[in-house]
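Spelled out from the first residue to the last, the chains are:
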Amino acid sequence: MRILYIDTSSNYLYAGIVEDDKCIAEIKEKFGQSLSEMTLPRIANLFEQAKLNPKEINKIIVVNGPGSFTGIRIGITIAKVYAWSLKIPITTITSLEAMAISSDSDCVHVPMIDARRGYVYTAIYDKNYQILLSPIHIKLTDLENKLKTIEKFEVISNDFISIEPFPQKYTPNIIKIVNFYKNKKDINPHFVNPEYLKLTEAEEKHDS
Amino acid sequence: MKDMYILGIESSCDETSISIVKNGREEIATIISSQIDIHKDYGGVVPEIASRQHVKNITFVLEECLNKANMTMDDIDAIAITYGPGLIGSLLIGLEAAKTLSFIYNKPLIPVHHIAGHIYANSLVNELQFPLLAVVVSGGHTELIEMDEHYKFTKLGGTLDDAIGECYDKVARVIGLEYPGGPKIDKLAKIGKPTYKLPIPLHDDSYNFSFSGLKSAVINLVHNEKQRGNEIRKEDLATSFQKTAVESITSKTKKAIIDRKIKNVIIAGGVAANSGLREAMTKLTTELGVNLSIPSMKYCTDNGAMIAAAGYYAYKNGRIADLSLNSKSQDTLK
């Protein structure tokens, strides 16, 4: 069983190939604006490193957001076209759950992504990674009120968010994420789509 | 020589389209998923909404296209992709899909400029004859391009501000027509009379165009008439506007044909569907005794077939990209 993991939801590319509980090739690199240019060349490198043909993959796990709208679409497009082409199973994980699962701390996990204008994308997971608050686009001050009832929690974020406790840096534990998700229900590639958690500005104005 | 089947992917604006074209001339299958109904509510294309739709559509369009052609990806020889210009978020969906297919199936990736696509839409109807003048008229472009041979482009001139199609849509909005207003103006123009006086834009010796002045003139005219309590005769305004806009294109085209000793003229882009422009260009080229090629209506709007057709000639010209190909919102046709 070989699984390709792709996360382009931030300005980092996180990707890896996991074979029988071993990560045989991985990349964690900051790209920012050049993510659209560099994601496929870097994925091609992974296959070279692992000495695999692009078709020798049995499953794809892709991060579907929240995060950078353009970033999420890059990973999702690659992943759904890939899975559709090879007719292999595909499943999605949120960026927030990937962040929580990668933490080994023995407490409640609060992963967070800056959504600008005082808002964040966040979710709350208990120490066993069970969901307490589903992914949400929320005002930071409102989130802080929710967190008052939680005794011990950590904040995980790579963004500059002013919150107590000071956020822990996030580096994905790809093997742990993949192991968590490898038996999750597959989705038809046609219906693998981003979860933005936020309408476009035009829709917000139009609806109000 | 072996036949070459190219898969063309186009997602530069609000249409997700994929086609398969044989040897740059013969359309095998085309699927177009248009978002016009979605953007109509907003009076124009909303880039973020367009990007969101493309990612939803992409594999459906790909699957339908291959099914329609009764082919698989293994039957495809190369993948042609619109890398620009266009809406960057929209372009990226097609680009990543094309790169992924190129990677998995180890097929050449051919970068195609959107305007080259519009020009080569003609190749699906008639074989291109050189030297030719391409009159590119669309929502994003108004350009005169000269070609001495396949896939060699020399820009003679272009718009200094708004594109002609953009001007049509804005004028349509001012006189209360729903987006996309261009075709609606064309329809009204057939029944009206050119009674409103509008200035002919950039009436000079260059090959350039300007449409923002014409747009402002229409806005001012409508405003002034309202102030005077006069009802706007929409069909007459449409006729007046269309006559002026089309004259601007034909006068510069005429100059280019004579100066550059052009023998073949093609019209390319969405505004090539405009009946007023088609008639005026037919009249002009007949008068000057040069050939005119106009793409059939279905190839005037954005589609994957024109990208695949252009891709064939780009490939013959050695234009092949690697997986680091990126989208460009702006780029000069070279």
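Residues numbered from 1 in each chain as written. Chains lettered and ligands numbered in written order. Predicted model: local features only at pLDDT ≥ 70, side-chain atom pairs only at ≥ 80, totals over all residues.

**Section: the interface of chain A and chain B**
By a widely used convention, the size of an interface equals the accessible area lost when the partners come together. Each partner contributes to the interface: chain A provides 28 residues, whereas chain B provides 27 residues. Going through the elements one at a time, helix H1 (35-49), helix H2 (69-86) and helix H6 (201-207) of chain A are the ones with two or more residues in the side of chain A that touches chain B. Considering each element in turn, the side of chain A that touches chain B owes the most residues, 13 residues, to H2(A). By residue class, the composition of the side of chain A that touches chain B is 16 nonpolar, 8 polar and 4 charged. (Contact = placed C-beta atoms within 7 Å. Helix = DSSP H or I, 4+ residues; strand = E, 2+ residues; numbered from the N terminus. Nonpolar A, V, L, I, M, F, W, Y, C, P; charged D, E, K, R; others polar.)

**What about the packing of helix H6 (residues 182-189) of chain B against helix H8 (residues 234-259) of chain B?**
All names here are of chain B. The N-to-C vectors of H6 and H8 enclose an angle of 105 degrees; their axes lie 7 Å apart at closest approach. Classified by the interaxial angle, the pair formed by H6 and H8 is roughly perpendicular. In this structure, H6 uses Ile185, Asp186, Leu188 and Ala189 to contact H8, whose residues at the interface are Lys234, Glu235, Ala238, Thr239, Phe241 and Gln242. A breakdown of the residues in the contact of H6 with H8 according to their chemical character gives 5 nonpolar, 2 polar and 3 charged. (Axes fitted to C-alpha atoms, helices over the stretch in contact; angles between N-to-C directions. Parallel < 35°, antiparallel > 145°, perpendicular 65-115°, else oblique.)

**Brief notes about the domain arrangement of chain A**
Residue and element names in this part refer to chain A. Domains assigned within chain A are domain 1 (2-95 + 171-201) and domain 2 (96-156). Each of domain 1 and domain 2 has a C-alpha centre, and these two points are 22 Å apart. A total of 3 residues in the side of domain 1 that touches domain 2 trace back to one element, the largest contributor, which is helix H5 (residues 174-181). Tallied by class, the residues present in the side of domain 1 that touches domain 2 amount to 7 nonpolar, 5 polar and 3 charged. (Domains from an automatic or database assignment.)

**Digging into the sheet that holds strand E8 (residues 154-158) of chain B**
All names here are of chain B. Reading across the sheet, the 5 strands line up as E8-E7-E6-E9-E10 and stay open at both edges, with mixed pairing between neighbours. What marks the edges here is a single partner per strand, and that holds for E8 and strand E10 (291-293). Within this sheet the neighbouring strands show an average axis-to-axis angle of 20 degrees, counted without direction. Two elements, strand E6 (residues 132-137) and strand E7 (residues 142-147), share 6 bridges in a ladder whose sense is antiparallel. In the strand pairing of E7, valine 136 is matched with glutamate 143. Most of the contacts of helix H9 (residues 275-288) go to E10, to which it runs at about 160 degrees, and overall it touches E6, strand E9 (264-268) and E10. (Pairing = 2+ DSSP bridges.)

**Describing helix H3 (residues 88-105) of chain B**
Look at H3(B): 26 Å from first C-alpha to last across 18 residues, which is about the 26 Å you get at 1.5 Å a residue. Positioned one or two residues after H3(B), B:Asn106 has a phi angle of 55 degrees, which is positive. (Expected span 1.5 Å × (residues − 1).)

**Some thoughts on the sheet that holds strand E1 (residues 2-7) of chain A**
Residues and elements named next belong to chain A. Spatially, the 5 strands line up as an open sheet ordered E3-E2-E1-E4-E5, and their pairing is mixed. Whereas interior strands pair on both sides, the edge strands pair on one side only; in this sheet they are strand E3 (22-30) and strand E5 (90-93). Going from strand to strand, the sheet's axes swing by 15 degrees on average, the running direction of each strand aside. Of the strand pairs in this sheet, E1 and strand E2 (residues 12-19) are connected by 6 bridges, and their pairing is antiparallel. By the bridge assignment, arginine 2 is partnered in E2 with glutamate 19. Contacts from H2 reach E1, strand E4 (59-63) and E5 within the one sheet, and its direction differs from that of E4 by about 165 degrees.

**Description of the pairing of E1(A)**
Look at any regular strand and the pattern is simple: side chains alternate between the two faces of the sheet. Residue and element names in this part refer to chain A. The element E1 is extensively covered by neighbouring structure, given that 5 of its 6 residues are classed as buried. Adjacent in sequence and paired antiparallel, E1 and E2 are bridged by 4 residues. Sheet topology note: the E1/E4 ladder contains 4 bridges and is parallel. What sits directly across from tyrosine 5, in E4, is isoleucine 61. (Buried ≥ 20, exposed ≤ 12 C-beta atoms within 10 Å, placed from the backbone.)

**Some remarks on the domain arrangement of chain B**
Residues and elements named next belong to chain B. Segmentation of chain B into domains returns domain 1 (5-120 + 299-316) and domain 2 (127-294). Listed as interface residues are 13 residues of domain 1 and, on the opposing side, 19 residues of domain 2. Elements represented by at least two residues in the side of domain 1 that touches domain 2 include exactly helix H1 (36-40), helix H4 (114-120) and helix H10 (304-316). Tallied by class, the residues present in the side of domain 1 that touches domain 2 amount to 6 nonpolar, 5 polar and 2 charged.

**Some details on the confidence of the model for chain B**
For chain B, the average pLDDT comes to 95, and 100% of its residues sit at 70 or higher. Across the interfaces of the predicted complex, the ipTM metric reaches 0.97, alongside a pTM of 0.95. (pLDDT = per-residue confidence, 0-100.)

**Some words on the environment of B:Lys187**
Residues and elements named next belong to chain B. Mapping lysine 187 onto the fold places it in helix H6. By C-beta crowding, lysine 187 is classed as partly exposed, having 13 other C-beta atoms within 10 Å. The spacing of lysine 187 and threonine 30 is 157 residues in sequence and 27 Å in space, taken between C-alpha atoms.

**Comments concerning unusual backbone geometry**
Of the consecutive residues A:Gly65 and A:Pro66, the connecting peptide bond is found in the cis state with omega at 0 degrees. Backbone torsion omega between A:Glu164 and A:Pro165 reads -10 degrees, so that peptide bond is classified as cis. In this structure, A:Pro165 sits in the loop between strand E9 (153-156) and H5. Unlike most non-glycine residues, A:Asp20 shows phi in positive territory, near 45 degrees. If you trace the backbone, A:Asp20 turns up in the loop between E2 and E3. Not every positive phi belongs to a glycine, and B:Tyr151 is a case in point at roughly 60 degrees. In this fold, B:Tyr151 is placed in the loop between E7 and E8.

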